Amino acid sequence: MPSPYKLLALDMDGTLLDSHKQVLPRTREAIAQLAASGVAVAYCTGRNPTELSDYVAQLPSIRYGSLVSGALAYDFSSQEALSVTPLPTEACCHVIETGALENVMVHLLCVGTSVARQTDIDRMDQVHMGIYHGMFDKLCTRAEDLEEYVRAHEGQVLKTNLYHLDNAARERTRARLAGMGLKLVDAEETSLECTARGISKDKGLRAVCDALGIGMDQVVAVGDAPNDTDALRAAGCAVAMGNATPQIKEIADLVVADNDHDGIVEAIERLF
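So, how was this worked out
- Position numbers for residues count from 1 along each chain, tracking the sequence in the order it is written.
- Per-residue local features of the predicted model are confined to residues with pLDDT of at least 70, and side-chain atom pairs are confined, for both listing and counting, to 80 or more; whole-chain, interface and lining totals are unaffected and use all residues.
- Hydrogens and waters are ignored; side-chain quantities use all the structure's heavy atoms.
- Strands are runs of DSSP state E lasting at least 2 residues, helices are runs of H or I lasting at least 4, and numbering of each runs from the N terminus.
- Working definition: with a 1.4 Å probe on protein chains only, accessible area under 20% of the residue-type maximum means buried, over 50% means exposed, and in between means partly exposed.
- Working rule for contacts: check all heavy atoms of both residues, and any pair within 4.5 Å makes them a contact.
- Between the first and last residue of a helix there are one fewer steps than residues, each counted as 1.5 Å, and that sum is the expected span.
- For our purposes a nonpolar core is just a set of buried Ala, Val, Leu, Ile, Met, Phe, Trp, Tyr and Cys residues, chained together by side-chain atoms within 4.5 Å.
- Whenever Lys or Arg places a side-chain nitrogen within 4 Å of a carboxyl oxygen from Asp or Glu, that contact is recorded as a salt bridge.
- For Phe, Tyr and Trp, where Trp contributes only its six-membered ring, two rings pair if their centres lie within 6.5 Å, and the inter-plane angle classes them as stacked under 30 degrees, edge-to-face over 60, or tilted in between.

Q: For this particular structure, what's the right way to read the side chain of T195?
A: Following the sequence through the fold, T195 ends up in strand 11 (residues 191-195). Classification of T195 by relative accessible area gives buried; the value is 3%. Excluding anything up to four places from it in sequence, T195 contacts V68, S69, L87, L158, K159, L182 and K183.

Right under this line is the structure:
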């Protein structure tokens, strides 16, 4: 019996990528074969196109993306945005000011740029982001005055990540930002993702589905962390990686092997 699913949507960190931030060879082959069979494959991630550049070269069969936590839906083939929802400038500046109270590392994500202070990149280990140091060092645009950068690039910032020293600091930041009308989602060990109201990974996926002429009931979404919740709940089939949090496994229709043991391959073999 043919599979009812027409789109495989993959989170990146903890899902498509293994613990060393690489795509396993069997996973890469399985994705290519699935795409060749006519099933669309999309990234469903908090990253922007700049941060995906190395992986896009490895995975040319992945054409679409619900990126920047859903604030950007993107067609890699045409290099065009299908939808864009920026973080309001004043709200973004307020987030930066609030983060300063906890000595956070601030990371701005735009459509084509990833922005941070050099001083923060140098201390990524302190905010539990050391594994990403190489990527940030290679790809980030440096700006020491981030509020000035935001105001000079009106309407271009889609998400602000705040990387904290510990979880207690993250909770204090969340409390200070409550009532701002922003979408606040936990990610990584101590990160707080800040996007515009109504933004979620499933919003970007819906724009991708519109481009493909399919419904969300024809989507298989795969993830591992709280910031994948909206996409998993909205998809026709929700898949949790073996390394997923208990909350993600609880809402999943299927739990597969972890990201170091080709869980994506298992999902493809069982559902398509």
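Next comes the rest of the description.
Q: Honestly, the environment of V56 in this entry has me stumped. Any pointers?
A: Structurally, V56 can be placed in helix 2 (residues 53-58). Taking the relative accessible area as the measure of exposure, V56 reaches 23% and is therefore partly exposed. In this structure V56 touches Y43 and F76, once residues within four positions along its chain are discounted.

Q: Help me understand helix 3 (residues 89-100), please; the structure alone is not making it clear to me.
A: In an α-helix there are 3.6 residues to a turn, and that puts residues three or four apart on one side. Taking 1.5 Å as the rise per residue, helix 3 with twelve residues should run 16 Å; its terminal C-alpha atoms sit 17 Å apart, in good agreement. All of the buried residues along helix 3 are T89, A91, C92, C93, V95, I96, T98 and G99. Contact partners of the buried residues in helix 3: strand 6 (105-110), helix 6 (146-152), strand 9 (157-163), helix 7 (167-177) and strand 11.

Q: What is the right way to look at the nonpolar core in this model?
A: Generally speaking, a soluble globular protein has its nonpolar side chains buried in company with each other. One finds I31, Y43 and V239 to be the most contacted residues of the largest nonpolar core, which totals 39 residues. Elements with a minimum of two residues in this core: strand 1 (7-10), helix 1 (25-36), strand 2 (40-44), strand 4 (72-75), strand 12 (219-223), strand 13 (237-240) and helix 11 (263-271). Ranked by the residues each element gives to this core, the list is headed by helix 11, at five residues. With 23 residues, the next largest nonpolar core counts L7, A42, L205 and I248 among its residues.

Q: Where do I start with the pattern of salt bridges in this structure?
A: A side chain of one charge can pair with a side chain of the opposite charge when the charged atoms of the two come close. Taken as a whole and judged by the stated rule, the model has 21 salt bridges. A salt bridge links R26 to D262; the shortest N-O distance between them is 3.6 Å. With R26 in helix 1 and D262 in the loop between strand 14 (254-255) and helix 11, this residue pair connects regions lying 236 residues apart in the sequence. Between D228 and K201 there is a salt bridge whose closest N-O contact spans 2.6 Å. Of this pair, D228 sits in the loop between strand 12 and helix 9 (229-234) while K201 sits in helix 8 (residues 201-212), and the two are 27 residues apart along the sequence. Exposure class is identical for D228 and K201. Each is buried. Connected through shared salt-bridge partners, R170, E171, R174 and D186 make up one network.

Q: For this particular structure, what's the right way to read the packing of aromatic side chains?
A: Where two aromatic rings form a pair, the distance of their centres and the angle of their planes describe that pair. With the rule as written, the count across this model stands at four aromatic pairs. Here Y74 and F76 contribute two aromatic rings whose centre-to-centre distance is 5.0 Å and whose plane-to-plane angle is 80°, an arrangement assigned as edge-to-face. Like F76, Y74 is buried. Measuring from ring centre to ring centre gives 6.4 Å for F136 and Y163, while their planes differ by 65°; the resulting arrangement is edge-to-face.

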